[in-house]
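# Per-entry structural report
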Amino acid sequence: MVHQIQKIAWNYLHSWLRYIAHLLRFCAALAHSKRLKSVFFVGITGSAGKTTVKDLSASVLGSVGECYSTPRSQNYPDGIAKILLRVSPRHKYCVLEVSGGNPGDLDRPLRLFTPNIAVLTLVARDHFKAFKSLEAIAQEKGKLVSALPTDGIAVLNIDDPLVKAIGDSCNRKVIWVGKAEGATLRLLSVRSVWPEPLTLELEYDGDIYKVKTAFHGKHLALSVLSALGVGVAAGIPLTNAISAIADVEPAEGRMEIVSTEGGITFLRDDWKAPHWSFPAPLEFMAEAEARRKIIVIGTLSDYSLSASKLYPKVAKQALEVGDIVIFVGPHAPRAIKAKRTTDAQNLHAFSEIRDAAMFLNNLLQPGDLVLLKGSNKADHLVRLMYHTQRPVSCWATRCGIQDFCGDCSRLYKPMPSTAQSVTGENTAPEPYAAPLTGNSSDDKVVVGLGNPGPEYMNTPHNVGYRVLDRMAVDANASWVSHPEGLVCELTITGKTVYLFKPAAKINRSGPPTRQYLDRINGNLANCLVVHDEMDLTLGQVKLKHSGGDAGHKGLKSVIAALGSYEVKRLRIGVRREDNSETAKTSVLRPFSSPDEEALELGIDQAVGVLLRELENSDTSNV
């Protein structure tokens, strides 16, 4: 209790000190801003494209005078004060990226600087939960335009109705950019077919201009037009502005191309992943020319559907474009539901990014184009790319760090290897194998998990073994020793069924299982795993067709070895009603006599479920 009070007090003190620090910094920036009267300010906001517009605009303005711009993506309200303190009166220009994730967020920054040029890219569903409507989002973003002095200029997207309405009512000069009639800088055509970069053709003041960039993705045309609009607003000849942006590289994690020494190309769009932004990189992948197109999807945000409906929907869309689609993160298993309505052999899901990295390393080949689409704060998907070049050490799920992993000291820092299995066996992660697909055998295989040796015979971890033993006894069949484990061959409704007990401790069940299935040309669709389950009460039986390992190290090993979460499994409950022990202790403690009675009923039920599954002529249901 005392410790909890101390923790609460420390958190309160920390929050208060941080507030004081922000307040002091704001006051210092407010005083410093009075020295910056000669600096020409450009403010940029919008639901997307801010960083790209900022980088391009800084290059354009920097071609005619010294320019300071927002570092990376430090666009949060309290960060503006810190940035302004770095601006000097010697700077001719300052380009500030301004974010507004909550109502009122733009109020504080706009007390520190007055924009001479205001850019509003578009209004979308980013931060929809905070604002409740697109109109409220537009109202917040529009504050930047309203802050313009009478001689200020707005650079606005004519194709966005909400932005158009802001421009029509702002009583300031507006440079319109976009496709629609009336645009000052009117987009006539755009092309971005990998490996070619983004090129635009635009019309300005009656003349046609061709714009070459180092970017990829048609949707970035808006950012290019907006930056050129900033140049025009600042009085820079358009031809000079076009030249200034030609060699600007994409910001990290925003349609950024990274080619590895192994001939694999990553398209990093992993800074954020609102659902509404997903079609743009998908369109790029659809038009790209590559040996194979692999799409990796992390955590999506700002969506109206439930996650259970959204992820299967996104999976179907991605499968129409990609040769292989991989979902990573806590919602990944939801995407597998797409297989119920489509024959998707190339859809894979991993709850843990480390598992996805091991799988991907075994999968990638020279010539592959890999899209990484996720939210950096939630996923840190860039580790998948780094792991192809050098083993990554940090696989933290949510480390709380907003920045990308490349500059983090933890990325390759060796971590202490303390993980031990419940049997004392080291459980270093196994490499994910290529999926067990394409094998032609119709023979069915039932894998029972357990620990070899008489000392483990009546322990919870050996329930998988015991179910298979019961089936063998009932069929009056015998076990035969093979290099991978014990095998019992049965015939059920005229079809061959192999019962298989891996010859390895339970936490290393995967490799011998994969070796045996490969040897008999076994197919993943015809394989079923029987294992103990601490989440179910003693004797309870449940059949599950796919999903994660739920912390079961033996099942985790099998999933890794078979290269897919699409492993059917029969779960046998082993949790005693009065159990207060940890799983590590209880799974190796022999059953008591009362426990055995309840378990026997569960084993009987499990055998019945298995026989019904095996008698089914539709192999997809086994």
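The following refers to the structure shown. (Residues numbered from 1 in each chain as written. Predicted model: local features only at pLDDT ≥ 70, side-chain atom pairs only at ≥ 80, totals over all residues. Heavy atoms only, no water.)

## Quick notes on the overall build of the chain
Short version of the rule: Per the convention used, a helix needs a DSSP run of H or I reaching at least four residues, while a strand needs a run of E reaching at least two, with both numbered from the N terminus. Classification of residues uses two cut-offs on accessible area relative to the type maximum, computed with a 1.4 Å probe and protein chains only: under 20% is buried, over 50% is exposed, and between them is partly exposed. Two residues form a contact once any of their heavy atoms are found within 4.5 Å. A 1.4 Å probe and the Shrake-Rupley method give the accessible areas. Residues count as covered only by the protein chains that appear here.
A tally of regular secondary structure across the chain gives 20 helices and 22 strands. Considering the chain as a whole, with its 622 residues, one finds that 53% of them fall into the buried category. Sequence-distant contacts, at least 24 apart, represent 67% of the contacts inside the chain between residues at least 6 apart. For the chain, the accessible surface area stands at approximately 27,100 Å², while carbon and sulfur atoms represent 51% of it.

## A look at the pairing of strand β19 (residues 495-502)
Put simply, the rule reads: For two strands to be treated as a pair, DSSP must find no fewer than two bridges joining them.
In terms of residue burial, β19 counts as a mostly covered element, since 6 of its 8 residues are buried. Relative to β19, strand β16 (residues 444-448) runs parallel, the two being bridged by 4 bridges. Considered in β19, the bridge of V447 is made with F500. Between strand β18 (residues 485-492) and β19, which pair antiparallel and follow one another directly, the connecting turn spans 2 residues, one of which, T493, has a positive phi of 50°.

## Points about the state of the cysteines
Condition: In what follows, a disulfide is any cysteine sulfur pair within 2.5 Å.
Taken as a whole, this structure holds 0 disulfides when the rule is applied. Summary of cysteine pairing: C67 is not part of a disulfide, and the nearest cysteine sulfur, belonging to C94, is at 7.0 Å.

## Details of helix α20 (residues 593-615)
One full turn of an α-helix is made of 3.6 residues, so residues set three or four places apart face in the same direction. Threshold: Residue count minus one, scaled by 1.5 Å, sets the expected span of a helix.
For α20, spanning 23 residues, the distance from its first C-alpha to its last is 33 Å, which sits close to the expected 33 Å at 1.5 Å a residue. Three or more residues of α20 are buried, namely D595, E596, L599, G602, I603, A606, V607, V609, L610, E613 and L614.

## Points about a nonpolar patch on the surface
The criterion, for reference: The residues that make up patches have over 30% relative accessible area and no salt bridge, and they are joined within 9 Å when like-charged or within 5 Å when they are Val, Leu, Ile, Met, Phe, Trp or Tyr. One speaks of a salt bridge when a side-chain nitrogen belonging to Lys or Arg is within 4 Å of a carboxyl oxygen belonging to Asp or Glu.
Nonpolar side chains collect at one region of the surface, where W10, L13, W16 and L17 lie side by side and expose about 450 Å² of accessible area between them. In this structure, L13 sits in helix α1 (residues 2-33).

## Overview of the packing of helix α2 (residues 50-62) against helix α8 (residues 221-233)
Our working definition: For helices, the fitted axis covers only the stretch in contact; all axes are lines through C-alpha atoms, and the angles between them, taken along N-to-C directions, range from 0 to 180 degrees. Crossings are assigned a handedness: left-handed for a near helix turned anticlockwise from the far helix by less than a right angle, right-handed for a clockwise turn. In this classification, the charged set is Asp, Glu, Lys and Arg, the nonpolar set is Ala, Val, Leu, Ile, Met, Phe, Trp, Tyr, Cys and Pro, and all remaining amino acids, among them Gly, are polar.
As a packed pair, α2 and α8 sit with axes 8 Å apart at the nearest point and diverge in direction by 35°. Once α2 is placed against α8, the crossing between them reads as right-handed. Residue-level contacts link T52, V53, L56, S57, V60 and L61 of α2 to S223, V224, S226, A227, V230 and G231 of α8. A class-by-class count of the residues in the contact of α2 with α8 yields 7 nonpolar, 5 polar and no charged.

## Remarks on the packing of helix α17 (residues 510-519) against helix α18 (residues 553-562)
Note the cut-off: Angles below 35 degrees are treated as roughly parallel, those above 145 as roughly antiparallel, those between 65 and 115 as roughly perpendicular, and all remaining angles as oblique.
Relative orientation of the contacting elements α17 and α18 amounts to 40°, with a least axis distance of 7 Å. Here α17 lies oblique to α18, going by the angle between them. Of the two possible hands of crossing, α17 and α18 adopt the one that is right-handed. When α17 is examined against α18, the residues G510, P511, T513, R514 and L517 are found in contact with a partner set consisting of S557, V558, A561 and L562. A breakdown of the residues in the contact of α17 with α18 according to their chemical character gives 5 nonpolar, 3 polar and 1 charged.

## Observations regarding helix α16 (residues 463-474)
Taking 1.5 Å of rise per residue, the 12 residues of α16 would be expected to cover 16 Å, and the 17 Å separating its terminal C-alpha atoms lies within 8% of that figure. The buried fraction of α16 amounts to 9 of the 12 residues, a majority that puts the element mostly inside the structure. For α16, every residue scored as buried is listed here: V463, G464, Y465, R466, V467, L468, R470, M471 and A472. Buried residues along α16 sit against β16, β18, β19, β20 (527-537), β22 (568-575) and α20. Following α16 by one or two positions, N476 has its phi on the positive side, about 55°.

## Regarding empty space enclosed by the protein
If you roll a probe as big as a water molecule over the atoms, it shows you where there is empty space left. Definition in use: We place a 1 Å grid over just the protein atoms. Points where a 1.4 Å probe fits but has no way out form a cavity, open points with protein on both sides within 12 Å along at least 5 of 7 lines form a pocket, and any residue with an atom within 4 Å of a point lines it. Grid points are joined across faces, edges and corners, and a volume is the space filled by probe spheres set on the points.
Applying the stated criterion to the full structure yields 1 cavity of 30 Å³ or more. Each pocket or cavity is described by its volume, and for the largest cavity that value is around 110 Å³. Every residue lining the largest cavity is listed: H380, R383, C394, C399, I401, D403, F404, C405, C408, R410 and L411. When the residues that make up the lining of the largest cavity are grouped by side-chain class, the tally is 7 nonpolar, 1 polar and 3 charged.

## Some remarks on the pattern of salt bridges
Scanning the model with the defined rule gives 27 salt bridges in all. Two residues, D55 and K54, come together in a salt bridge whose shortest N-O distance is 2.9 Å. We classify K54 as buried; its relative accessible area is 2%. When salt bridges that share partners are traced, they join R466, R470, E596, E600 and D604 into one network.

## Quick word on the environment of G510
Within the element layout of this structure, G510 appears in helix α17. Considering only alpha carbons, one finds G510 and A561, 51 residues apart in sequence, at a separation of 4.9 Å. Setting aside residues up to four positions removed in sequence, G510 forms contacts with S557, V558 and A561.

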